[in-house]
Amino acid sequence: MTTSVLEPTLSELLPCRLNDAELWFAESPSDVESAKALCGDCPVRQLCLSGALERREPWGVWGGELFLAGAVIPRKRPRGRPRKHAAA
């Protein structure tokens, strides 16, 4: 079966291909949450996440999860926020 030149391929239909790539590396916590939400229904989400874990991606949203320094973190904290624990 051949595909028409006008028919998009699977990779062209992925959320990270349809939206601005900067969204997956955004500074704003709300933009990061938007990128994570867009990954929710992605057909290659698990492959993306496992690849990012294997490569220890330094940062960004991969497979619907936020990476920082090669590890998954729950959310991005906004700049200027006070420390969680008082300094000694």
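See the structure shown above.
Attention in this report is confined to the structure presented alongside it. (Residues numbered from 1 in each chain as written. Predicted model: local features only at pLDDT ≥ 70, side-chain atom pairs only at ≥ 80, totals over all residues. Heavy atoms only, no water.)

Time to look at helix α3 (residues 45-55). Listed in full, the buried residues belonging to α3 are Leu49, Gly51 and Ala52. Take α3 and look down its axis: the buried residues cluster within an arc of 165°, on one side only. Along α3, the residues that are exposed and aim more than 90 degrees away from the buried face are Gln46, Leu47 and Glu54. For α3, the elements touching its buried residues are β1 (59-62) and β2 (65-68). Trailing α3 by a residue or two, Arg56 shows a phi angle of about 50°, which is positive. (Buried < 20%, exposed > 50% of the residue type's maximum accessible area, 1.4 Å probe, protein only. Helix = DSSP H or I, 4+ residues; strand = E, 2+ residues; numbered from the N terminus. Arc of directions from axis to C-beta. Contact = heavy atoms within 4.5 Å.)

A complete count under the given rule lists 2 aromatic pairs for this structure. Measuring from ring centre to ring centre gives 5.1 Å for Phe25 and Trp59, while their planes differ by 70°; the resulting arrangement is edge-to-face. One end of the pair, Phe25, is in the loop between α1 (15-18) and α2 (29-38); the other, Trp59, is in strand β1, and 34 residues separate them in sequence. Given a relative accessible area of 30%, Phe25 falls into the partly exposed group. Geometrically, the ring pair formed by Phe25 and Trp62 is edge-to-face, given 6.0 Å between the ring centres and 75° between the ring planes. On the criterion of sequence distance, the pair formed by Phe25 in the loop between α1 and α2 and Trp62 in strand β1 is long-range, its members being 37 residues apart. Pairwise contacts between aromatic rings join Phe25, Trp59 and Trp62 into one cluster. (Phe/Tyr/Trp six-rings, centres within 6.5 Å; stacked < 30°, edge-to-face > 60°.)

Ranked by size, the top nonpolar core spans 8 residues in total: Leu23, Trp24, Ala26, Val32, Ala35, Cys39, Val61 and Leu66. The residues touching Val61, leaving out its near neighbours within four places in the chain, are Trp24, Val32, Ala35, Lys36, Cys39 and Leu66. (Core = buried A, V, L, I, M, F, W, Y, C linked by side-chain atoms within 4.5 Å.)

On to unusual backbone geometry. Of note in the backbone geometry, Arg56 takes a positive phi value of approximately 50° without being a glycine. As for its position among the elements, Arg56 is in the loop between α3 and β1. You will see that Ala69, though not glycine, has its phi angle at about 55°, which is positive. By the secondary structure assignment, Ala69 is in the loop between β2 and β3 (71-73).

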